[in-house]
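Next come the chains, spelled out residue by residue.
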Amino acid sequence: MKRIIAKKTLREYWEKHSECEQYLKTWYETAKSSNWRNPNEIKQTYANASILKDNRVVFNIKGNSFRLIVKFNYERQWAFIRFIGTHTEYDKINAETV
């Protein structure tokens, strides 16, 4: 991905939840260096990712302790961080509209 918007969201989260810092940094570096053109290519890297409508993907972070929702624009190679939270927090939101 050429651009990930916004790393600040991830950084602020891992500053409060240090147990997921390295996992989020690894996801960020992997995403930044990837050239995913569709959800199937994401699944090749992250087999446990859940593909949602509207180009959204849910990633399991730290053995599914945390959930990361990202909306992709494959054509422009942009990734928009839409949500990061615990599995419990994730269960309280609508992943397709957040």
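Residue positions are given per chain, counting from 1 as you read along its sequence in written order. At least 70 in pLDDT is required for a residue's local features to be given in this predicted model, at least 80 for side-chain atom pairs to be given and counted, and no such filter applies to totals for whole chains, interfaces and linings, which use all residues. No hydrogens and no water enter the side-chain calculation; it runs on all heavy atoms of the structure.

Asks: It is not clear to me how the packing of aromatic side chains should be interpreted in this structure. Could you clarify?
Replies: Between two aromatic rings, the relevant description is the distance of the centres plus the angle of the planes. Stacked, tilted and edge-to-face are the three classes assigned to paired rings of Phe, Tyr and Trp, where Trp is represented by its six-membered ring and a pair needs centres within 6.5 Å; plane angles under 30 degrees give stacked, over 60 edge-to-face, the rest tilted. By the definition in use, this model includes 10 aromatic pairs. Consider the rings of Trp36 and Phe72, whose centres lie 5.9 Å apart with planes at 85°: the pair is edge-to-face. Taken together, the residues Trp36 in the loop between helix H2 (21–33) and helix H3 (39–45) and Phe72 in strand S4 (residues 66–73) connect sequence positions 36 residues apart. In this structure, Trp36 and Phe72 share a single accessibility class: buried. Aromatic pair Phe72 and Tyr74: ring centres 5.5 Å apart, planes at 15°, arrangement stacked. Assigned by exposure class, Phe72 and Tyr74 land together as buried. The structure contains a cluster of three or more aromatic residues connected by ring pairs, namely Trp27, Trp36, Tyr46, Phe59, Phe72 and Tyr74. The side chain of Arg3 reaches across the aromatic face of Trp78, ending 5.8 Å from its centre. Put simply, a charge is over a ring when the Lys NZ or the Arg CZ is close to the ring centre, within 6 Å, and near the line of the ring normal, within 35 degrees. The residue whose ring lies beneath Arg67 is Tyr90, and the NZ or CZ to ring-centre distance is 4.5 Å. Note on conventions: DSSP H or I runs of at least 4 residues are helices, E runs of at least 2 residues are strands, and numbering of each starts at the N terminus. Working definition: with a 1.4 Å probe on protein chains only, accessible area under 20% of the residue-type maximum means buried, over 50% means exposed, and in between means partly exposed.

Asks: Got a minute to help me understand the nonpolar core in this structure?
Replies: Nonpolar side chains tend to gather and get buried jointly when the protein is soluble and globular. We call a set of buried residues a nonpolar core when its members are Ala, Val, Leu, Ile, Met, Phe, Trp, Tyr or Cys and they connect through side-chain atoms within 4.5 Å of each other. Counting 24 residues, the largest nonpolar core has Trp27, Phe59, Leu68 and Phe72 as the members making the most contacts within it. Of all elements in the fold, only helix H1 (7–16), H2, strand S3 (56–61), S4 and strand S5 (78–86) reach the threshold of two or more residues within this core. Between two residues, a contact is recorded if the distance between any of their heavy atoms is within 4.5 Å. Those residues in contact with Leu68 that lie beyond four places of it in its chain are Leu10, Trp27, Val57, Val58, Phe59, Ile61, Ile81, Phe83 and Ile84. Counting residues in hydrophobic clusters, the runner-up holds 6 residues, among them Leu52, Ile69, Tyr90 and Ala95.

None of this, on its own, says anything about what the molecule does.
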